[in-house]
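One-letter residues, chain by chain:
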Amino acid sequence: MSEPTDVGCGVRRIVHRVAAGDIERGGAASSEVTAELRALGVPAAAARRAGIVAFEGEMNLIVYSTDGGTITVEVTPDAIDLTFEDDGPGIEDVELAMTPGYSTAPEWATDLGFGAGMGLINMRKNSDRFEIDSRPGEGTIVRCRIFRGRS
Amino acid sequence: MKLREIVERLELIVVSDGGDPEARVVGGHCGDLLSHVLASARPGELWITVQRHVNVAAVAQVAGLAGVVLADGVRPDDALVSKASADGVAVYASPAPAFELAGRLHRLLAAEGR
Amino acid sequence: MKLTELAELIDGAILVGQDRADLEIDRAYAADLLSDVLALTDESTTLVTGLINPQVMRVADILNVVAVVFVRGKHPSDAMLDHARRAGIPVVMTSKTMFETCGRMYENGVRPCRNRPMSGAESVGSSTG
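The notes below deal with the structure included here. What you see is a predicted model, and the numbers here were worked out from it, not measured in a lab.

Counting its regular elements, chain A contains five helices and six strands. Counted from the first residue to the last, chain A has its helices and strands arranged as β-β-α-α-β-β-α-α-α-β-β. The C-alpha atoms of chain A give 15 Å as radius of gyration, which agrees with the globular expectation for 151 residues (15 Å, within 12%). The proportion of buried residues among the 151 residues of chain A is 39%.

The structure is reproduced here in structure tokens:
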């Protein structure tokens, strides 16, 4: 939860750390991200889409990552880039993971109503650009770009 | 109001023909948390939900509900359709959101003086 | 209808937003599943829910929801109410059921808000995404 840093060329970067298993805090980082984006003057529709992407990404880190991970938000004049990174466990079959309703959520998560199997799909749906890179045993990176101007 | 009439008035799509179309629907129940529905829904109520998996049929049966309406254009799981048919549970669908279905059903029942 | 009228209609209490008496409540969406709430369309909507986990308020904030109505006598935590205050989202609580609450709201002119059809699931009836 840091102050936006100016990384030059009009890019502002904010990094949020998300702990594995911390469902109580679920959504805390993404609601902060949304507030930060609004404060930076991002149009409401784009901020909302980014917030939804951030929420799904955050919940994925909480529910699935071995050791937590980070959400990096980079804001440029044209777009918002969200990067979700963790060190494990990695996704065995990304295509399968992107199938609606497919979920590997543990019981403690589904008991609380999470793990409906739509997270990655919702991230892609709300992004203008979407990329996922995962290696079992190593980790996962999800990159989403939301253009500021489009609603 | 009879189930049959409500199905007609709300323009519900029949997913599984079951239950008793002549039975009087005593009320409505909205909810997607199955354990809660089991605990609080009353026999004879028509259940409005977006849950689409097989357990919906079991809950409807155990709770003695008039039937289930899948809202928001949600399409039932094949397993739900099979189980509902096998067990004689009435399942319907509608493109309308739950809020609207609840509103319209509420109005129909209120007009009847329930 | 106005926020205060809504509270009265459903025998509810305004937990946050007593100073927003004149807030217009014109559309509503009922949901018990977080995944459902996340798919709300971009309209000014009041969320009606029985979910009281902390994520609900955070999601309501992200989605710019107009107000939140908790049904079934579910009392949100102090932390949730604090978040609602900070985010400027009025909160009403009622002990009425979801069905009764939606029923009364609808019959008094609150219109439905359309959800986005769930990705991947074929929709029944017509839908324009």
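Attention now moves to helix α5 (residues 98–107) of chain C. In terms of residue burial, α5(C) counts as a mostly covered element, since nine of its 10 residues are buried. Buried residues of α5(C): C:M98, C:F99, C:E100, C:T101, C:C102, C:G103, C:R104, C:M105 and C:Y106, and no others. Buried-residue contacts for α5(C) involve β2 (27–30) and α5 (98–112) of chain B together with α1 (3–9), β2 (27–30), β3 (46–49) and β4 (67–70) of chain C. Following α5(C) by one or two positions, C:G109 has its phi on the positive side, about 100°.

All names here are of chain A. Sheet analysis places strand β5 (residues 129–135) next to strand β6 (residues 139–147), joined by seven bridges and oriented antiparallel. The residue bridging R129 from the neighbouring strand is R145, located in β6. Linking β5 back to β6 in an antiparallel pair, the connection comprises three residues, with G137 at a positive phi of about 90°.

The interface is formed by 17 residues belonging to chain C together with 21 residues belonging to chain A. Only α2 (34–37) and α3 (54–62) of chain C provide two or more residues apiece to the side of chain C that touches chain A. At six residues, α3(C) tops the list of elements feeding residues into the side of chain C that touches chain A. Residues of the side of chain C that touches chain A, tallied by class, amount to eight nonpolar, six polar and three charged.

A few words on the nonpolar core. Grouped together as the largest cluster of nonpolar side chains are 117 residues, with contacts concentrated most on B:A102 and C:A30. Residue contributions to this core peak at 12 residues, all from helix α2 (residues 44–64) of chain A. With near-sequence residues (within four places) excluded, C:A30 lies in contact with B:C30, B:A98, B:F99, B:A102, C:V48, C:M98 and C:C102.

A separate point is the packing of helix α1 (residues 28–39) of chain A against α3(C). Orientation of α1(A) relative to α3(C), taken along the N-to-C sense of each, is 20°, at an axis distance of 9 Å. By the angle between their directions, the pair α1(A) and α3(C) is classed as roughly parallel. Taken as a pair, α1(A) and α3(C) cross one another with a handedness that is left-handed. In this structure, α1(A) uses A:A28, A:S30, A:S31 and A:T34 to contact α3(C), whose residues at the interface are C:R58, C:D61 and C:I62.

Take the two pairs of chains in contact: the one carrying the most contacts is chains B and C. Kept free of each other, chain A and chain B leave a smallest C-alpha distance of 9 Å between them.

This brings us to the pairing of β3(C). Residues and elements named next belong to chain C. Here β3 shows no split at all, with T46 and V48 on one side and L47 and T49 on the other all buried. Two elements, β2 and β3, share three bridges in a ladder whose sense is parallel. Bridge pairing in β3 links A30 to V48. Where β3 lies against β4, four bridges are found, and the strand directions are parallel. Paired with V48 across the strands is V69, a residue of β4.

Cut-offs and rules
Residues numbered from 1 in each chain as written. Chains lettered and ligands numbered in written order. Predicted model: local features only at pLDDT ≥ 70, side-chain atom pairs only at ≥ 80, totals over all residues. Helix = DSSP H or I, 4+ residues; strand = E, 2+ residues; numbered from the N terminus. Rg over C-alpha atoms; globule rule 2.2 N^0.38 Å. Buried ≥ 20, exposed ≤ 12 C-beta atoms within 10 Å, placed from the backbone. Contact = placed C-beta atoms within 7 Å. Pairing = 2+ DSSP bridges. Nonpolar A, V, L, I, M, F, W, Y, C, P; charged D, E, K, R; others polar. Core = buried A, V, L, I, M, F, W, Y, C linked by C-beta atoms within 7 Å. Axes fitted to C-alpha atoms, helices over the stretch in contact; angles between N-to-C directions. Parallel < 35°, antiparallel > 145°, perpendicular 65-115°, else oblique. Left-handed = near helix turned anticlockwise from the far one by under 90°.

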